[in-house]
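Next come the chains, spelled out residue by residue.
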Amino acid sequence: MNRPIYLDNQATTPPDPEVVKAMLPYFQEKFGNAASVHHSYGQEGKEAVEQGRRVMAESIQGSPREIIFTSGATEAINLALKGVAEKYIDRGQHIITQVTEHKAVLDTCNYLVRKGWKVTTLPVDSKGMVNPSHVTNAITRETVLVAIMHANNEIGTIQPVQEIGTICRQKNILFMVDACQSFGKLDLNVKSMNINLLAATAHKLYGPKGIGFLFVSQKDPKVELQIQMEGGGHERGFRSGTLAVPLIVGFARAVELSLECINKENLRLGELRDQLYSGIRVIHPEVILNGSRDKRLAHNLSLCFPGLDGETMIMKMKGIACSTGSACSSASLEPSHVIKALGRDTELAHSAIRFSLGRFNTTAEIDTAISVINRVVRDLKEKKLHRRRIHADGFE
Ligand SMILES: *Cc1c(COP(=O)(O)O)cnc(C)c1O
């Protein structure tokens, strides 16, 4: 069976074959529990985990003891937000975030609101960008934490985290960054960016699903966290549960591979993205680009197709796999909260489609994708025109 061309790399990426190869021994003969330090099986596992921890730390200029492995970014974000909220409750009960965050952040903030916290959700401009001065203005004496993502998963907009980090530092407020979409794709430096908490996940950079980490600054400032998972005291007590050694090994390999080719890959994916964009635009010049033109991830192309329905389009584009927005909000009939935040009306928001490219896409695939998209768009436009004519005739 011919499988559709995969253009949904911001929902998840196919694992790199090198990643799978690195993991395999840890699913088989190297099966030891990393906490079983009294024999070579366990030691082998522990060494692999600590090696992985060093790779994560180095990739963001943190130190290994600042990395807590979790089941993914959703868990890391929950640990960061709830962990900080519970620990710093005496300092104040106010958090600042922004409207295009992932549901993992927004829903955890909603949980905290139910617990009595105040949350300020900042707006974005028409390109999806947060204005750092809005952050400054939103800070009160009660503010404990600011949570702003690095790059958006639907529209690819890159937030000014450096500026926001500086503001937070001056005001002595903790800064959390959801770096799922930028980790291994953009430069990340927790020191120069003044990031105190950072969440990342392996399956967005060609690693396995089910493994992520939370970076927690341990020095200048030392961030306190209320433990959210009781048990055997793994991860310095912050996240009990037997470590997923094979997944950590795969995650580490994925990070190494991504960092080795970060610039080359961004260049190549940017070219493929431009190829796709111009291929659609020459035939359908009315499409609207969502997100910032220059401050965006190279592999994201989010478009609104005025007058058409994104959901219908995707169903008809059998030859390609893409999505209307994030994988999470696709389940509901509501248009994406991210597209709406750009100021698009509901109808236009329903016409949004996200194409997200990845390491294994080729120029030939993009050519095929362009013809699939253009055929479907043309057919739907013709059908609409036809319906309008019948409708008009009916009134004559
Ligand atoms: C994928 C993603 C998450 C969730 O990560 P999981 O590891 O799947 O839980 C959170 N935030 C953003 C921006 C994402 O893209």
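Residues numbered from 1 in each chain as written. Predicted model: local features only at pLDDT ≥ 70, side-chain atom pairs only at ≥ 80, totals over all residues. Heavy atoms only, no water.

Student: Looking at this model, I keep getting lost on the sheet that holds strand β3 (residues 94-98). Mind explaining?
Tutor: Note on sheets: strands pair through backbone hydrogen bonds, and any given pair is parallel or antiparallel. Taking strand neighbours across the sheet as the criterion, the seven strands line up as β2-β8-β7-β6-β5-β3-β4 in an open arrangement whose pairing is mixed. Edge strands, defined here as strands with exactly one partner in the open sheet, are β2 (67-70) and β4 (118-122). Adjacent strand axes in the sheet meet at a mean angle of 20°, parallel and antiparallel pairs treated alike. As paired strands, β3 and β4 are joined by five bridges and run parallel to one another. In the sheet register, I96 faces β4, and the bridge partner there is T120. In the packing of helix α3 (residues 73-87) onto the sheet, the strands contacted are β2, β5 (143-147), β6 (174-178), β7 (197-201) and β8 (212-216), and the crossing angle to β7 comes to about 160°. Along the sheet, helix α6 (residues 161-170) makes contact with β5 and β6, crossing β6 at roughly 160°. (Pairing = 2+ DSSP bridges. Helix = DSSP H or I, 4+ residues; strand = E, 2+ residues; numbered from the N terminus. Axes fitted to C-alpha atoms, helices over the stretch in contact; angles between N-to-C directions. Contact = heavy atoms within 4.5 Å.)

Student: Is there a simple way to think about the nonpolar core in this case?
Tutor: Across soluble globular proteins, nonpolar side chains have a tendency to be buried as a group. Ranked by size, the top nonpolar core spans 60 residues in total, and within it F69, F183, L198, F213 and F251 carry the most contacts. If one sorts the elements of this core by residue count, helix α7 (residues 245-260) sits on top with nine residues. In terms of domain composition, this core takes at least three residues from each of domain 1 (5-11 + 262-388) and domain 2 (17-259). Every residue in contact with F213, bar those within four places of it in the chain, is listed here: M56, I60, I67, I68, F69, T70, A76, F183, L198, A199, A200 and F251. (Core = buried A, V, L, I, M, F, W, Y, C linked by side-chain atoms within 4.5 Å. Buried < 20%, exposed > 50% of the residue type's maximum accessible area, 1.4 Å probe, protein only. Domains from an automatic or database assignment.)

Student: Hey, could you run me through the sheet that holds strand β10 (residues 300-304) in this one?
Tutor: In spatial order, the strands read β9-β10-β12; together these three strands make up an open sheet with antiparallel pairing. Edge positions in the sheet fall to β9 (288-290) and β12 (352-356), since each of these pairs with one other strand and no more. The average angle at which neighbouring strand axes cross in this sheet is 30°, direction not considered. Both β9 and β10 contribute to a ladder of three bridges, which runs antiparallel. If you follow N290 over to β10, its bridge partner there is S302. Docked against the sheet, helix α8 (residues 262-281) engages β9, β10 and β12, running at close to 20° with respect to β10.

Student: In this structure, what is going on with the pattern of salt bridges? I would like to understand it.
Tutor: Any two side chains of opposite charge can pair if their charged atoms end up close together. Here the structure, examined in full by the defined rule, presents 13 salt bridges. Across the pair E18 and R253 runs a salt bridge whose closest N-O atoms are separated by 3.5 Å. Within this pair, whereas E18 is found in helix α1 (residues 17-27), its partner R253 is found in helix α7, the two being separated by 235 residues in sequence. With a relative accessible area of 33%, E18 lands in the partly exposed category. (Salt bridge = Lys/Arg side-chain N within 4 Å of Asp/Glu carboxyl O.)

Student: How should the site of the ligand be read in this particular structure?
Tutor: Near the ligand the following residues occur: G72, A73, T74, H102, M149, N153, D178, C180, Q181, T201, H203 and K204. The contact in question runs from an oxygen atom of the ligand to an N or O atom on the backbone of A73, over 2.8 Å. Within the side chain of H203, one N or O atom sits 2.9 Å away from an oxygen atom of the ligand. When the free accessible area of the ligand is taken as 380 Å², the share hidden by the protein chains comes to 87%. (Near = heavy atom within 4 Å. Polar contact = N/O pair within 3.5 Å; in protein donor to acceptor, adjacent residues only side chain to side chain. Areas by Shrake-Rupley, 256 points an atom, 1.4 Å probe, with all protein chains shown as cover.)

Student: Sorry if this is basic, but what is going on with a nonpolar patch on the surface here?
Tutor: Side chains of V20, L24 and F27 sit close together on the surface and give an oily, nonpolar patch of about 270 Å² of accessible area. Its location among the elements puts L24 in helix α1. (Patch = residues over 30% accessible without salt bridge, like charges linked within 9 Å, V, L, I, M, F, W, Y side chains within 5 Å.)

Student: Where do I start with the side chain of N290 in this structure?
Tutor: For N290, the position within the fold is in strand β9. Look at N290 and you get buried, because its relative accessible area is 0%. One polar contact links N290 to R344, side chain to side chain, over a distance of 2.9 Å. Excluding residues within four positions of it along the chain, N290 makes contact with I155, R296, S302, L303, C304, I339, L342, R344 and A352.

Student: Can you help me understand the domain arrangement of the protein in this one?
Tutor: When the parts come together, some accessible area is lost, and that loss is often what is quoted as the size of the interface. Each assigned domain of the protein is listed with its residue range as follows: domain 1 (5-11 + 262-388) and domain 2 (17-259). Distance between the C-alpha centres of domain 1 and domain 2: 29 Å. Across the contact, 29 residues belong to domain 1 and 31 residues belong to domain 2. A combined buried area of about 2500 Å² lies between domain 1 and domain 2, and 57% of that area is made up of carbon and sulfur atoms. By the criterion of area lost to domain 2, the three top residues of domain 1 are I262, L297 and R359, representing 25% of everything that side buries. Applying the counting criterion to the domain 1 and domain 2 interface returns zero salt bridges. If you look at where domain 1 meets domain 2, you find 15 residue pairs in polar contact (both at pLDDT 80 or more). With four residues, helix α10 (residues 337-341) is the largest single contributor of residues to the side of domain 1 that touches domain 2. Grouping the constituent residues of the side of domain 1 that touches domain 2 by class yields nine nonpolar, 15 polar and five charged. (Buried area = accessible area lost by both parts, 1.4 Å probe. Nonpolar A, V, L, I, M, F, W, Y, C, P; charged D, E, K, R; others polar.)

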